[in-house]
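Descriptive structure summary
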Amino acid sequence: MEEGPRWGFDFDSVVGDLSEVLERVAQEEFGIRISREEFTEFRLEKCLPFDEEFILAWISRALDPSWTQRMRPYPGAPEVLAELSGIQPLWFVTARSDPGPVREWLKVKLQGVPQQRIFVHAVGPFGSKVEILCREGITHFVEDRLETCEALYRNGIIPVVFDQPWNRGRHPFRSVQSWDDLRGLILGEK
Ligand SMILES: [Mg+2]
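In this text, all values refer to a predicted model and were calculated from it rather than measured experimentally.

Donor atoms from the polypeptide that coordinate the magnesium ion comprise Asp10 (OD), Asp12 (O) and Asp144 (OD), at 2.0 to 2.3 Å from the metal. Donor residues binding the magnesium ion come from one chain and are separated in sequence as D-x1-D-x131-D. In this pair, aspartate 12 sits in the loop between strand S1 (7-9) and helix H1 (18-30) while aspartate 144 sits in the loop between strand S4 (140-143) and helix H7 (146-154), placing the two residues 132 residues apart along the sequence. Neither aspartate 12 nor aspartate 144 differs from the other in exposure class; each is buried.

If you want it as structure tokens, here you go:
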């Protein structure tokens, strides 16, 4: 019998709303008002009138554990993930370097999901997600970064693009607008 799909998830900009954190950090720590709709390139220095030094400082603040704990999940994400955890373990693979704050966040947001059902891998900004996903037998991965989606596709993993201004209309893959869409795709219900 053929096994069903095994889902895996990126963390930032798929499960947690990093764009909102970036907006808030810009405003509250640097006094700059900026809207997420301006994030039209994955590499923010390509679409915003800021120098690389500022961008680095800004992003590194946004990824700070204290801000991570304030990050909001996308609507419906905790519910869909909790339901999925009854069917398969949950795998999160992030390009962050430290899995700790992500684990902590998931522990709080996914209360009721046994900790041994949650796996977080942090491959770092220069690491590859492909290797770990292949090892874990993941068949479908939800991701916002197109370069990663392309690498997954080349290695036989089906990418599902979580729609964001920086990936919109630029790829041949299946995309979802929300966790409601994902619920339909993953759990087969609306
Ligand atoms: Mg991401």
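In this section: the environment of aspartate 10. Looking at the secondary structure, you find aspartate 10 in the loop between S1 and H1. C-alpha separation for the pair aspartate 10 and alanine 122, spaced 112 residues apart in sequence, amounts to 10.0 Å. Setting aside anything within four residues of it in sequence, one finds aspartate 10 in contact with Val15, Phe92, Val93, Thr94, Lys129, Phe141, Val142, Glu143 and Asp144. Polar contacts involving the side chain of aspartate 10 include one to the side chain of lysine 129, which spans 3.0 Å.

Glancing now at the packing of H1 against helix H2 (residues 52-62). Axes are the key here: two packed helices are described by the angle between their axes and the distance separating the axes. In contact at an axis separation of 9 Å, H1 and H2 are set at 115° when each is read in the N-to-C sense. One element, H1, and the other, H2, form an angle in the roughly perpendicular class. Note that H1 runs across H2; the crossing there is right-handed. Packed against H1, whose contacting residues are Leu18, Val21, Leu22, Val25, Ala26, Glu29 and Phe30, the element H2 presents Phe54, Ala57, Trp58, Ile59, Arg61 and Ala62 at the interface. A breakdown of the residues in the contact of H1 with H2 according to their chemical character gives 11 nonpolar, no polar and 2 charged.

Each value, and the rule that gives it
- Residues numbered from 1 in each chain as written.
- Predicted model: local features only at pLDDT ≥ 70, side-chain atom pairs only at ≥ 80, totals over all residues.
- Heavy atoms only, no water.
- Donors = N, O, S within 2.8 Å, 3.2 Å for Na, K, Ca; no water.
- Helix = DSSP H or I, 4+ residues; strand = E, 2+ residues; numbered from the N terminus.
- Buried < 20%, exposed > 50% of the residue type's maximum accessible area, 1.4 Å probe, protein only.
- Contact = heavy atoms within 4.5 Å.
- Polar contact = N/O pair within 3.5 Å; in protein donor to acceptor, adjacent residues only side chain to side chain.
- Axes fitted to C-alpha atoms, helices over the stretch in contact; angles between N-to-C directions.
- Parallel < 35°, antiparallel > 145°, perpendicular 65-115°, else oblique.
- Left-handed = near helix turned anticlockwise from the far one by under 90°.
- Nonpolar A, V, L, I, M, F, W, Y, C, P; charged D, E, K, R; others polar.

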